[in-house]
Amino acid sequence: MIRRYGRALRALLMVADWLSAAALGLLIYHQVVHPDLPASTFIEVFGARAAVYGVVWVGLLYLVGAYRLRAHWTVLGEARTVVQATFWLALLG
């Protein structure tokens, strides 16, 4: 079953991660750096940066193996891949 729908599931996970990373990046940056700007203006100015941030995040997750579909999934293994991607993102930033 996983092999049959593997590509679609992986694509769905990547899109969901991209959307959540971009939205969270916008929200945090707005609250910390520019809380005085209206949200609509802020999205116009920083929306492209948030989209690129989401793409980089998903790319790093892919490179560290977060989107490999496994029969035996563990929380520790998932946490390890997220920490690795976070480490590489911090080095890039």
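Below: a short report on this structure. (Residues numbered from 1 in each chain as written. Predicted model: local features only at pLDDT ≥ 70, side-chain atom pairs only at ≥ 80, totals over all residues. Heavy atoms only, no water.)

This part covers helix H3 (residues 75-92). Between its terminal C-alpha atoms H3 stretches 26 Å, which fits the 26 Å expected from 18 residues at 1.5 Å a residue. Among the residues of H3, Gly 77, Thr 81, Ala 85 and Leu 89 are the ones counted as buried. In an axial view of H3, the angular spread of the buried residues amounts to 115 degrees, which keeps them on one side of the axis. Opposite the buried face of H3, at more than 90 degrees from it, the exposed residues are Val 75, Leu 76, Val 83, Ala 90 and Leu 91. Along its buried surface, H3 packs onto helix H2 (39-63). (Helix = DSSP H or I, 4+ residues; strand = E, 2+ residues; numbered from the N terminus. Expected span 1.5 Å × (residues − 1). Buried < 20%, exposed > 50% of the residue type's maximum accessible area, 1.4 Å probe, protein only. Arc of directions from axis to C-beta. Contact = heavy atoms within 4.5 Å.)

By size, the foremost hydrophobic cluster in this structure holds ten residues: Ala 21, Trp 57, Val 58, Leu 60, Leu 61, Val 64, Ala 66, Tyr 67, Ala 85 and Leu 89. Those elements giving two or more residues to this core turn out to be H2 and H3. For this core, the leading source of residues is H2, giving four residues. Not counting residues within four places of it along the chain, the set of residues in contact with Tyr 67 comprises Arg 10, Leu 13, Met 14, Asp 17, Val 58, Leu 61 and Tyr 62. Counting five residues, the second largest nonpolar core, distinct from the first, contains Ala 22, Phe 42, Phe 46 and Ala 50. (Core = buried A, V, L, I, M, F, W, Y, C linked by side-chain atoms within 4.5 Å.)

Moving on, we get to the packing of H2 against H3. Close contact between H2 and H3 brings their axes to 9 Å; oriented N to C, the two are set at 130 degrees. In terms of their interaxial angle, H2 and H3 are classed as oblique. Judged by the twist between their axes, the crossing of H2 over H3 is right-handed. Contact residues: H2 offers Tyr 53, Val 56, Trp 57, Leu 60 and Leu 61, while H3 offers Val 82, Ala 85, Thr 86, Trp 88, Leu 89 and Leu 92. Looking at the contact of H2 with H3 residue by residue, the class counts come to ten nonpolar, one polar and no charged. (Axes fitted to C-alpha atoms, helices over the stretch in contact; angles between N-to-C directions. Parallel < 35°, antiparallel > 145°, perpendicular 65-115°, else oblique. Left-handed = near helix turned anticlockwise from the far one by under 90°. Nonpolar A, V, L, I, M, F, W, Y, C, P; charged D, E, K, R; others polar.)

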